[in-house]
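The residues making up each chain are set out below.
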Amino acid sequence: MNTNSPFSPMTRWLTLAGTIITQFALGSVYTWSLFNQPLSEKLSAPISKVALSFGLLSLGLAIASSLAGKLQERFGVKKVTVGAGVLLAVGFFLTSKASSLPMLYLSAGVLVGLADGAGYLMTLSNCVKWFPERKGVISACAIGAYGLGSLGFKFICSYLLVHQGLEHTFMLWGCIALVMVAIGASLMKEAPRREAQPGAVSVCDFSLAESMKQPQYWMLALMFLTACMSGLYVIGVAKDIGQSMVHLPALSAANAVTVIAVANLGGRLVLGVLSDKLPRIRVISLAQIISLAGMSLLMFTSLNETTFFMAVASIAFSFGGTITVFPSLVSDFFGLNNLTKNYGVIYLGFGIGSILGSLVASLSGGFTVTFALIMVLLTVSLVLSLTIRQPGVRFVSTAPVLNS
């Protein structure tokens, strides 16, 4: 930590606590599947069309994440976080009043997605900057809280749906999320800009424009897109894979949701911690190998219930670990000071990946072509992760700077 920082040592721990609270609230959007059926009945619309709102939410999340750095520069982390909480509550309130699919897409898709994305990546990056010596563990804590938010709010929202009804559930959900985000924001402080110490070997701080001129930037972007495409696609259709390819009864196939949740959280914690002990790019290579193993089970074996659950668990573990390690990996390559911007553009791969797999599947008419494309991309990504080299290591001179 910068010894010239005006903040007390407790500041960064309070920022971590605030980030965890905020991430938990923002992660609540991943309970969305609970609402597809009730909204379908309310709007008299097919579930497939209602579910499109979550695809729009994911896309909005990725877009807002890529713009969060600009907002942070202008308004600061506290104000943007509170603004995200307010917009989230407004989105849920309007969703409770939605009487048509276009209104649902605007409220639950666009507004909630933009709000979630504005808070997610910015608070995560700000927190990681406070802990340069343990970036992997801090990412695991923050992103793990985001994942746990979906689990915690599953129980909250399920209870509210039964006892309060659909409309009041959205209103109360928005209020709870807003209060949590506001509390989290009150604990956060803007991370100080870190200056290289004389005599130290340091990573250059690349601006976004400078980063995008480096081939390594686009190599990392392809790896991230591939991880998101494989993880989000398989997670989204796991139950359907179980029923159509393994011929499991609906109840057994639905157990894949629990397996995925546990494996996803496990990947975040295990690979996040491991990334502070090994070179992070090697941890990404390990995640890619695990994902390839899972995809190979789906593609080349005669699936039964056990191998099916092993396959989806491997892919979910890899996906969870990859999105946890990647913020720190990007900072290793392009510096900490511009992390929110540099990771923000790469994070667009989350939104693209969330729709690309489904798009390929709908055009090809099944799982097989999509699985094959994912395997090819994973293989290419593995080669890239094994050959990529860090672009910006420099030696900081100890010589004094003379003023003219």
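Placed above this text is the structure.
The following refers to the structure shown. Bear in mind the structure is a predicted one, so any value in this text is a computation, not a measurement. (Residues numbered from 1 in each chain as written. Predicted model: local features only at pLDDT ≥ 70, side-chain atom pairs only at ≥ 80, totals over all residues. Heavy atoms only, no water.)

### Observations regarding the side chain of Thr 11
Looking at where Thr 11 falls in the secondary structure, it is placed in helix α1 (residues 9-26). Exposure remark for Thr 11: the relative accessible area of 9% places this residue in the buried category. With sequence-adjacent residues up to four places away left out, Thr 11 is seen in contact with Trp 130 and Lys 189. (Helix = DSSP H or I, 4+ residues; strand = E, 2+ residues; numbered from the N terminus. Buried < 20%, exposed > 50% of the residue type's maximum accessible area, 1.4 Å probe, protein only. Contact = heavy atoms within 4.5 Å.)

### Describing helix α9 (residues 250-274)
For α9, built from 25 residues, the straight-helix expectation of 36 Å at 1.5 Å per residue is met to within 8% by its first-to-last C-alpha distance of 36 Å. Listing the buried residues of α9 in full gives Ser 252, Ala 253, Ala 256, Ile 260, Ala 263, Asn 264, Gly 266, Gly 267, Arg 268, Leu 271 and Gly 272. Contacts from the buried residues of α9 go to α6 (135-187), α8 (215-244), α10 (280-300) and α11 (305-334). (Expected span 1.5 Å × (residues − 1).)

### Here's the deal with the pattern of salt bridges
Per the stated rule, a full pass over the model turns up 7 salt bridges. Close ionic contact of Asp 332 with Lys 135 constitutes a salt bridge, the shortest N to O distance being 2.7 Å. Here Lys 135 lies in helix α6 and Asp 332 lies in helix α11, a separation of 197 residues in the sequence. Pair check on accessibility: Asp 332 and Lys 135 agree, each one buried. We note a salt bridge from Arg 280 to Asp 332, for which the minimum N-O separation is 2.8 Å. Taken together, the residues Arg 280 in helix α10 and Asp 332 in helix α11 connect sequence positions 52 residues apart. Neither residue differs from the other here; Arg 280 and Asp 332 are each classed as buried. Sharing partners across several salt bridges, the network here consists of Lys 135, Asp 276, Arg 280 and Asp 332. (Salt bridge = Lys/Arg side-chain N within 4 Å of Asp/Glu carboxyl O.)

### Details of the packing of aromatic side chains
Here the structure, examined in full by the defined rule, presents 26 aromatic pairs. Considering the side-chain rings of Phe 170 and Trp 173, the 6.0 Å spacing of their centres and the 15° angle between planes classify their relative orientation as stacked. Of this pair, Phe 170 and Trp 173 both sit in helix α6, 3 residues apart, which is roughly one turn of the helix. Each member of the pair, Phe 170 as well as Trp 173, carries the same accessibility label: buried. (Phe/Tyr/Trp six-rings, centres within 6.5 Å; stacked < 30°, edge-to-face > 60°.)

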